[in-house]
Amino acid sequence: MKAVRRLLAMVALAFASASSMAQFVKGNEAVKAMPDGTKKVETPPIPGAGLPAPCLAEKAGCTGSGWRMVETSEGLRECTEIYARPGTCRGSTYGTEKRTRIWVVKTGGQWMQCQRPDIGSKCVSTKALPFGEVQ
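Since this is a predicted model, take the numbers as computed values, not measurements.

## Regarding the environment of Lys40
Okay, step 1: Topologically, Lys40 is positioned in strand β2 (residues 39-41).
Okay, step 2: Not counting residues up to four positions away in its chain, the partners in contact with Lys40 are Ala30, Val31, Lys32 and Met34.

## A word on the pattern of salt bridges
Okay, step 1: Enumeration over the complete set of coordinates arrives at six salt bridges.
Okay, step 2: Measuring nitrogen to oxygen at the nearest pair gives 2.9 Å for the salt bridge that ties Lys106 to Glu42. Taken as a pair, Lys106 in strand β6 (residues 100-107) and Glu42 in the loop between β2 and β3 (67-72) lie far apart in primary sequence, 64 residues in all.
Okay, step 3: With a relative accessible area of 31%, Glu42 lands in the partly exposed category.

## Quick look at the environment of Val70
Okay, step 1: Looking at where Val70 falls in the secondary structure, it is placed in strand β3.
Okay, step 2: Residue classification places Val70 among the buried positions, given a relative accessible area of 2%.
Okay, step 3: Expressed as a C-alpha distance, the spacing of Val70 and Trp103, which sit 33 residues apart in the sequence, is 6.5 Å.
Okay, step 4: Those residues in contact with Val70, other than ones at most four positions away along the chain, are Thr43, Pro44, Gly75, Leu76, Arg77, Cys79, Glu81, Ile82, Ala84 and Val104.

Scoring rules and cut-offs
Residues numbered from 1 in each chain as written. Predicted model: local features only at pLDDT ≥ 70, side-chain atom pairs only at ≥ 80, totals over all residues. Heavy atoms only, no water. Helix = DSSP H or I, 4+ residues; strand = E, 2+ residues; numbered from the N terminus. Contact = heavy atoms within 4.5 Å. Salt bridge = Lys/Arg side-chain N within 4 Å of Asp/Glu carboxyl O. Buried < 20%, exposed > 50% of the residue type's maximum accessible area, 1.4 Å probe, protein only.

Okay, structure coming up:
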């Protein structure tokens, strides 16, 4: 019985560690650790003219194809778009709520949308239709 409890405790610890580790995407070139311990975060550049008005994060119906998980200077955020414009993001619920998510990362100098918080998952250009997944 003690062995079973110990095994269950180890499994719970492994899941908790995996959830806390997945609060960022390893290899995301948009996040750079600075020598002073701070981090410098780059978000996708906002294109010029023609971008529609932002759909605010608190407005219903803005995330039909899923939340864009974007690392910002405030930390990991759930956004209605890849650009993380003011009002389009809210605090992350990753690890506490299941919802369709797409991870926005920079890899190889290109902005990509990944199915999971893993650069090795299905990733496509931010100009293509992404592969969302409930997480």
